[in-house]
Amino acid sequence: MTKKRTQKYQKQIGQIPGTLVYTGEKSDKKFNVQCFDYTKDNIEESILLYIEEAINYKETESVTWINIEGLKYTDEIENIGRQYGLHPLVLEDIVNTTQRPKIDEYENYIFIVLKMLYYNKDENIVIEQVSFVLGENYVLTFQESEGDVFGSIRDRLRLNRGRIRGMKSDYLLYALIDAVVDNYFTIIETLGNKIEDLETDLFTGTVREDINIEVQQLKREILKVRRAIFPLREIINRIEKGDYPFIFKRTITYFRDIYDHLVQVTENLDIYREMIWSLMDMYMTTISNKMNEVMKLLTIIATIFIPLTFIAGIYGMNFENIPELHYKYSYYILWGIMIMIFLGMIYYFKKKKWL
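This one's a predicted model, so the numbers in the text were calculated from it and none came from an experiment.

Calculation rules
- Residues numbered from 1 in each chain as written.
- Predicted model: local features only at pLDDT ≥ 70, side-chain atom pairs only at ≥ 80, totals over all residues.
- Heavy atoms only, no water.
- Helix = DSSP H or I, 4+ residues; strand = E, 2+ residues; numbered from the N terminus.
- Buried < 20%, exposed > 50% of the residue type's maximum accessible area, 1.4 Å probe, protein only.
- Pairing = 2+ DSSP bridges.
- Axes fitted to C-alpha atoms, helices over the stretch in contact; angles between N-to-C directions.
- Parallel < 35°, antiparallel > 145°, perpendicular 65-115°, else oblique.
- Left-handed = near helix turned anticlockwise from the far one by under 90°.
- Contact = heavy atoms within 4.5 Å.
- Nonpolar A, V, L, I, M, F, W, Y, C, P; charged D, E, K, R; others polar.
- Expected span 1.5 Å × (residues − 1).
- Arc of directions from axis to C-beta.
- Polar contact = N/O pair within 3.5 Å; in protein donor to acceptor, adjacent residues only side chain to side chain.
- Patch = residues over 30% accessible without salt bridge, like charges linked within 9 Å, V, L, I, M, F, W, Y side chains within 5 Å.
- Areas by Shrake-Rupley, 256 points an atom, 1.4 Å probe, with all protein chains shown as cover.
- Salt bridge = Lys/Arg side-chain N within 4 Å of Asp/Glu carboxyl O.
- 1 Å grid on protein atoms, 1.4 Å probe; cavity = no way out; pocket = protein on both sides within 12 Å on 5 of 7 lines; lining within 4 Å.
- Points joined across faces, edges and corners; volume = space filled by probe spheres on them.

Quick rundown of the environment of Asp260? Include the residues and the values.
Mapped onto the secondary structure, Asp260 falls in helix H7 (residues 249-315). Between the C-alpha atom of Asp260 and that of Ile236, which follows or precedes it by 24 residues, the distance is 9.8 Å.

Okay, structure coming up:
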């Protein structure tokens with residue numbers, strides 16, 4: 001695993017700036033381009049079979065959303081970059097899936113990178129890079145593979161629900177980012193449930209052998225999620241306080257709402273991170289308590305047998321002149337004394353609540 005992560009960075013070493021090198025996981029997913037071109041009253045949805053068709057939507061008066069799936073197809077990415085006049089460094093950042101979330105302003109567009117999070121079929125967190133290019137009347141989105149959190153946005157466009165079709169491209173950008181951030185709450189809720197389940201197991205004493213591994217994995221998940229989400233606060237803060245040509249003041253209010261959501265998400269992550277550390281301490285304490293219980297039981301057993309062993313040792317010696325040795329009932333008396341000592345010590349330990 002470490003070798004794979006290292007190789008991702010080695011692909012970029014020595015490359016000319018602006019060289020398109022895909023750093024994600026290779027897959028057999030096909031290149032797909034989905035286009036929504038809409039006004040308040042009309043909408044056209046299509047799948048672009050040829051990437052050259054994208055240029056037809058650049059200068060229209062309608063708002064266009066072009067969603068590109070498949071970052072490993074660098075030639076097609078470079079082609080659409082030429083059509084929309086994207087800087088080579090922007091294209092390099094699009095296919096570099098290790099890119100930190102950021103926002104860059106260019107003359108004719110704004111470029112934003114963020115991380116989209118969701119759970120796969122195995123309930124593992126998938127962190128997928130999504131890049132946005134906001135122009136005067138268009139939004140380009142670049143995804144690593146098919147499948148995203150934009151289903152509700154597509155439905156709103158098709159059914160003309162809400163105000164999205166009556167607004168400019170900046171509102172479309174807001175809606176897309178808001179969908180990504182809303183899905184963060186699903187991730188946070190699931191992480192919270194996992195932590196609560198582990199906490200319940202530790203409190204009830206049902207400590208599984210691999211629970212320490214689960215805690216470590218959960219800690220890594222939280223750190224990964226925090227690393228993916230936290231920089232987005234800076235991006236939204238810059239949009240809110242900046243003066244970008246394609247983002248109007250009436251839309252800034254909506255971005256401010258996204259910022260509030262991000263603050264809530266990051267605060268929950270910080271709380272969960274503290275809870276994870278507490279779980280580790282609780283796990284170690286539970287293990288220690290179990291060991292103490294075992295040691296206490298063994299100590300009590302040893303304490304009970306000390307006087308019995310002493311008596312048995314006295315009368316097990318090979319001296320001839322032991323007074324009670326030839327007494328007819330000595331054996332039974334000795335057993336009686338040992339049983340009384342045993343019961344007396346058990347009573348004493350229970351009275352002290354040691355048992």
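Now that the structure is up, let's keep going.
So what's going on with the pairing of strand S7 (residues 138-143)? Which residues, and what values?
Most of S7 is tucked away: six of the six residues are buried. Every second residue of S7 is oriented toward a common face, with Tyr138, Leu140 and Phe142 on one face and Val139, Thr141 and Gln143 on the other, all of them buried. Note that strand S3 (residues 63-69) and S7 share six bridges and pair parallel. Paired with Trp65 across the bridge in S7 is Val139. The antiparallel pairing of strand S6 (residues 125-134) with S7 creates a hairpin that spans three residues between the two strands.

Break down the packing of helix H5 (residues 169-204) against helix H6 (residues 211-241) for me, with residues and values.
Running from N to C, H5 and H6 cross one another at 155°; their axes reach a closest spacing of 11 Å. Accordingly, the angle class assigned to the pair H5 and H6 is roughly antiparallel. The two elements H5 and H6 cross, and the hand of that crossing is left-handed. In this structure, H5 uses Ile177, Val181, Tyr184, Ile187, Leu191, Lys194, Ile195, Leu198, Asp201 and Leu202 to contact H6, whose residues at the interface are Ile211, Glu214, Val215, Leu218, Glu221, Ile222, Val225, Ile229, Leu232 and Ile236. Residue composition of the contact of H5 with H6, grouped by class: 16 nonpolar, no polar and four charged.

Break down helix H8 (residues 330-351) for me, with residues and values.
Residues three or four positions apart in an α-helix share a direction because the helix packs 3.6 residues into each turn. The end-to-end C-alpha distance of H8, which contains 22 residues, comes to 31 Å, matching closely the 32 Å that a straight helix rising 1.5 Å per residue would cover. Buried residues of H8: Ser330, Met338, Met345 and Phe349, and no others. Angularly, the buried residues of H8 cover 75° about the axis, an arc narrow enough to put them on a single face. Structural note: H8 exposes Tyr332, Met340, Leu343, Tyr347, Lys350 and Lys351 on the side pointing more than 90 degrees away from its buried face. Of the surrounding secondary structure, the elements contacted by the buried residues of H8 are H7.

With reference to specific residues and values, describe the pairing of S6.
Regular strands show a simple pattern: their side chains alternate between the two faces of the sheet. Among the 10 residues of S6, eight are classified as buried, and the element is accordingly described as predominantly covered. The pairing of strand S5 (residues 110-119) with S6 spans 10 bridges and is antiparallel. Bridge pairing links Tyr119 to Ile125 in S6. In this antiparallel pair of consecutive strands, S5 and S6, the connection spans five residues, and Glu123 shows a positive phi of 60°. Bridge count between S6 and S7: five bridges; the pairing is antiparallel.

Go over the side chain of Glu128, please, and point to the residues and values.
Of note, Glu128 is situated in strand S6. In this structure the side chain of Glu128 is engaged in a polar contact, spanning 3.0 Å, whose partner is the side chain of Tyr118. Within the structure, the side chain of Glu128 is placed 3.0 Å from the backbone nitrogen of Glu144, a separation counted as a polar contact. When residues no more than four places from it in sequence are discounted, the contact partners of Glu128 are Leu114, Lys115, Met116, Tyr118, Gln143, Glu144, Ser145 and Gly147.

Tell me about a nonpolar patch on the surface, and name the residues and values.
Taken together, the side chains of Tyr327, Tyr329, Tyr331, Tyr332, Ile333, Trp335, Ile337, Ile339, Phe342 and Leu343 present a nonpolar region at the surface, about 1,100 Å² in accessible area. Along the chain, the position of Tyr332 falls in helix H8. What makes Tyr332 exposed here is its relative accessible area of 57%.

Account for the environment of Asn79, with residues named and values stated.
Looking at where Asn79 falls in the secondary structure, it is placed in helix H2 (residues 74-83). The sequence separation of Asn79 and Asp243 amounts to 164 residues, and the corresponding C-alpha distance is 30 Å. When neighbours within four sequence positions are excluded, Asn79 is seen to be in contact with Ile51 and Glu52.

Lay out H2 with the relevant residues and their values.
Within H2 the residues assigned to the buried category are Thr74, Ile77, Asn79, Ile80, Gly81 and Gln83. Each element contacted by the buried residues of H2 is listed here: S3, helix H3 (88-95) and S7. At the C-terminal side of H2, Gly85 shows a positive phi close to 65°.

Can you break down the layout of surface pockets residue by residue, with the values?
With a probe scaled to a water molecule rolled over the atoms, the places where space remains empty come into view. Of the pockets and cavities examined, the second largest pocket occupies roughly 340 Å³. Forming the boundary of the second largest pocket are 18 residues, of which Lys58, Glu136, Asn137, Tyr138 and Phe246 lie nearest the centre. Along the lines of polarity and charge, the residues of the lining of the second largest pocket split into seven nonpolar, five polar and six charged.

Before we move on, can you summarise the packing of H5 against H7 with the specific residues and values?
Packing of H5 against H7 brings their axes to within 9 Å, and their N-to-C directions diverge by 15°. By the angle between their directions, the pair H5 and H7 is classed as roughly parallel. For H5 against H7, the interelement crossing comes out left-handed. For the contact of H5 with H7, the residue count by class is 25 nonpolar, six polar and five charged.

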